[in-house]
Structure formats: C-alpha cells, structure tokens
Amino acid sequence: GAGVSQSPSNKVTEKGKDVELRCDPISGHTALYWYRQSLGQGLEFLIYFQGNSAPDKSGLPSDRFSAERTGGSVSTLTIQRTQQEDSAVYLCASSSFPSSYNSPLHFGNGTRLTVT
Amino acid sequence: RKEVEQDPGPFNVPEGATVAFNCTYSNSASQSFFWYRQDCRKEPKLLMSVYSSGNEDGRFTAQLNRASQYISLLIRDSKLSDSATYLCVVNMGNYGQNFVFGPGTRLSVLP
C-alpha cells in the first residue's frame, strides 16, 4: 500500500521567500507529525496533529512556521521569510496511534530544503 | 535528564560480530517502544517494535525491562549493510509529542 508521501523532495529557495511543504499521510492514520533534521543532528519535533483536536505546536521554532491539516488528511508546513538556518530535511510521519496501541511512526522520504 | 538516552557510540565492529545497544527512558508510564534505523541522508525506518516478552526478527533481538525502564537491541552476525544510526523511540502516551526519539547510536560494521 502507499506510504507517507512528501513533496517536493528537494526545494532550493532564496532567503526571504516563503515555502510550502506537503505531506500526504497513510490513509486512515489520524496522527501526523512534522520533524526537521539538520545535517548530522537528531530529529527535532515541530508539530503534531491528532484527528480533529487542536494541534500541538510546541515545537515550532518561530512564528514564521505554521502548519495546517485539512480534512484530517493532507498537511502543509509553511515557512515564511525563510532564513539560512531553516535549511534542513523536513520529515513527515503518520501513525494510527492511539487507535492502534502499538502503532509505530511511518516516515515519508522528506523534503530537503536549502535556503541560499 | 533527557527523556530517552542511548549509548553514545559510535560502535565500530568487524563483520560477523555481535553488538548490543542500550536505551533508557524516563517516563514509567510509557506505552510502546521501537527501534528504528536511519541511513545517512535518509528517513528513519522502523526496524522492529519491542514487546514486553522480548522479540526476535532474524539476527535482531529486542528486549524490554519495564522495571528498569530499559530497552536493548542485539544484532548478531553483523553485516556491512547494518551500518547505520539506530534510534530508540518511546511512545510516552501523553498528548502531543508522545513519540520521543533518542539521540541515536551510530554503528559501523567494518570488513
């Protein structure tokens, strides 16, 4: 079956521009997470959506970052006025937790963002 | 104290060796446990879930000790293709960032 799909796979943008990153989770997964990973570093939690509940935005690094999840499925992460320090791989993951107690996270291939 | 801690590594082992990774977690109410592997410049991929009674998948064995809040991963007969970073992941079951990742342990299997 289809896994988590992210687009674009690579994005190069100029400093100051806005970017949108898309994530299409596994069908039926109610939980959706965004992480970012800088080169050689661990995963940094950004935001978590669970069904129709208010998202947990506690990991967003600044108000330039926002995310939406429409219809409980596709999610878009938007970065406004990009800065060079935003360069990283942005990873999306979905899970059927909590409906499936032991459900793991399934990751997409990520979007590699480079801000020049 | 970090919520999930792992052996700092890196581990450099010869092919055919047996290697064990350890992980500890802080939240005694944690609900589920996983090992992921991450290859360089790739996304994390699920290696195996960790069950209370311990479980095995081919050359890989995972153990869970809830009393000590400790998880382990044993790799037998290491292959070159096992070279990767191994991530311990704990679902702490709280609202929000319930999947907590350890910092990872890097393994290099040498010919």
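Please read all numbers here as calculations on a predicted model, not as lab measurements.

A. Local environment of the overall build of chain B. In terms of helices and strands, chain B carries 0 helices and 11 strands. Starting at the N terminus, the α and β elements of chain B follow one another as β-β-β-β-β-β-β-β-β-β-β. Its C-alpha atoms give chain B a radius of gyration of 14 Å, within 12% of the compact-globule value 13 Å for 111 residues. With respect to the principal axes defined by its C-alpha atoms, chain B has extents near 45 × 30 × 20 Å. Residue burial in chain B is summarised as follows: out of 111 residues, 50% are buried. Look at the contacts in chain B between residues 6 or more apart in sequence, and 56% of them connect residues 24 or more apart. Side chains of chain B carry 11 positive and 10 negative charges; the gap between the two charge centres is 4 Å.

B. Representation of the state of the cysteines in the model. Residues and elements named next belong to chain A. All told, the structure shown has 2 disulfides over all chains when counted by the stated rule. Here C23 pairs with C92 through a disulfide, and the sulfurs are 1.9 Å apart. Because the sign of the S-S torsion sets the handedness, a value of about -65° for the bond joining C23 and C92 places this disulfide among the left-handed ones. Of this pair, C23 sits in strand 3 (residues 19-24) while C92 sits in strand 8 (residues 88-95), and the two are 69 residues apart along the sequence.

Reading the values: the criteria
Residues numbered from 1 in each chain as written. Chains lettered and ligands numbered in written order. Predicted model: local features only at pLDDT ≥ 70, side-chain atom pairs only at ≥ 80, totals over all residues. Heavy atoms only, no water. Helix = DSSP H or I, 4+ residues; strand = E, 2+ residues; numbered from the N terminus. Rg over C-alpha atoms; globule rule 2.2 N^0.38 Å. Buried < 20%, exposed > 50% of the residue type's maximum accessible area, 1.4 Å probe, protein only. Contact = heavy atoms within 4.5 Å. Lys, Arg positive; Asp, Glu negative; His and termini not counted. Charge placed at Lys NZ, Arg CZ, Asp CG, Glu CD. Disulfide = S-S within 2.5 Å.

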